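So you can see what is in the structure, the chains are spelled out below.
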Amino acid sequence: MNRFPGPTARSFLWIGLTALALGLFIDITKDLLEGEVNFIDQSILLAVGRIRVPWLTVAAVDVTALGSITLILLFSAFALIALLMLHDRAGALQLLFAIAGAELWTAITKNTFDRPRPEVISHLVAVSGYSYPSGHSLIAAAAYTTLAILACHYVHSARARILVLSMAGSIIVLVALSRVYLGVHYPTDVASGIALGSAWACVLAGVFALRRASKPST
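The following refers to the structure shown. (Residues numbered from 1 in each chain as written. Predicted model: local features only at pLDDT ≥ 70, side-chain atom pairs only at ≥ 80, totals over all residues. Heavy atoms only, no water.)

### Description of the overall build of the chain
- Secondary structure summary: the chain contains 8 helices and 0 strands in total.
- In the chain, the succession of α and β elements from N to C terminus is α-α-α-α-α-α-α-α.
- Taking 17 Å as the expected radius of gyration for a compact globule of 218 residues, we find that the chain reaches 18 Å, a close match to that expectation.
- If one aligns the C-alpha atoms of the chain with their principal axes, the spans along those axes are about 60 × 35 × 30 Å.
- Among the 218 residues that make up the chain, the fraction classed as buried is 44%.
- Once local pairs closer than 6 in sequence are excluded, the contacts in the chain between residues at least 24 apart make up 82%.
- Total accessible area on the chain is roughly 11500 Å²; 72% of this is exposed by carbon and sulfur atoms.
- Each charge class in the chain can be summarised by its mean position, and for the 15 positive and 11 negative side chains these summaries are 15 Å apart. (Helix = DSSP H or I, 4+ residues; strand = E, 2+ residues; numbered from the N terminus. Rg over C-alpha atoms; globule rule 2.2 N^0.38 Å. Buried < 20%, exposed > 50% of the residue type's maximum accessible area, 1.4 Å probe, protein only. Contact = heavy atoms within 4.5 Å. Areas by Shrake-Rupley, 256 points an atom, 1.4 Å probe, with all protein chains shown as cover. Lys, Arg positive; Asp, Glu negative; His and termini not counted. Charge placed at Lys NZ, Arg CZ, Asp CG, Glu CD.)

### Details of the packing of aromatic side chains
- A full pass over the atoms with the stated rule returns 5 aromatic pairs.
- A centroid spacing of 6.4 Å and a plane angle of 55° characterise the contact between Phe97 and Phe208, whose relative ring orientation is tilted. With Phe97 in helix 5 (residues 89-113) and Phe208 in helix 8 (residues 187-214), this pair connects stretches of sequence that are 111 residues apart.
- According to the relative accessible area criterion, Phe97 is partly exposed, its value standing at 42%.
- With relative accessibility at 5%, the residue Phe208 sits in the buried group. (Phe/Tyr/Trp six-rings, centres within 6.5 Å; stacked < 30°, edge-to-face > 60°.)

### Brief notes about unusual backbone geometry
- Look at the link from Tyr132 to Pro133: it is a cis peptide, with omega at -10°.
- For Pro133, the location among the structural elements is in the loop between helix 5 and helix 6 (135-152).
- In the Ramachandran plot, Asp114 falls in the positive-phi region, its phi being about 30° despite a non-glycine side chain.
- Structurally, Asp114 is set in the loop between helix 5 and helix 6.

### Some points on the pattern of salt bridges
- Scanning the model with the defined rule gives 3 salt bridges in all.
- Between Arg115 and Asp41 there is a salt bridge, with the nearest N and O atoms lying 2.9 Å from each other. Of this pair, Arg115 sits in the loop between helix 5 and helix 6 while Asp41 sits in helix 2 (residues 38-50), placing them 74 residues apart in sequence. Like Arg115, the residue Asp41 is buried in the burial classification.
- Linking Arg115 and Asp189 is a salt bridge whose minimum nitrogen-to-oxygen distance equals 2.8 Å. With a gap of 74 residues between them, Arg115 in the loop between helix 5 and helix 6 and Asp189 in helix 8 connect regions that are remote in the sequence. The burial state of Arg115 is the same as that of Asp189; both residues are buried. (Salt bridge = Lys/Arg side-chain N within 4 Å of Asp/Glu carboxyl O.)

Function cannot be read off these values alone, since they describe shape.
Take a look at the structure:
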């Protein structure tokens, strides 16, 4: 087989994954509002502060850039060109919604919860705005998950698809870890960002799978 399961079956899979990711975001947010995560957040940051070394700091600064809107827009622009050359307008639209929606969700949630940035350890990069959830983690999760899903439509083997998804997952996790290492986010900030960004990518995957299922075959 060189295709995913049918679009309808895929849409139910993505909806299920959306529910799981969104449920995780809600659970983390509930614990945050109830003050149940403060101790573990601060303890982890203090432990991170003790393992900082120059070479790891350089690596963290480089890795965190993979979650910046500048690089994500650049990667997405190349992907959009490729999708349009493949006449995959639905895929191009899905990617645009993923990026734009992730930016919107970041703005809404940060201004809703207005959690201050951590002050437990020093910040190793300049930041502004609120801390919860991590914008880098949210946007990276939405963008790289969507890029991996779209890439898998053009990959013929299950092993290659697993590799593509694993690479996307690794980038997302590394970006999240870099934000904690740099002292600009609490662990719950990045966990919630990944959860919400993944939920957004999955719901879009489900919607566009249904769109493909309803489209008459030619």
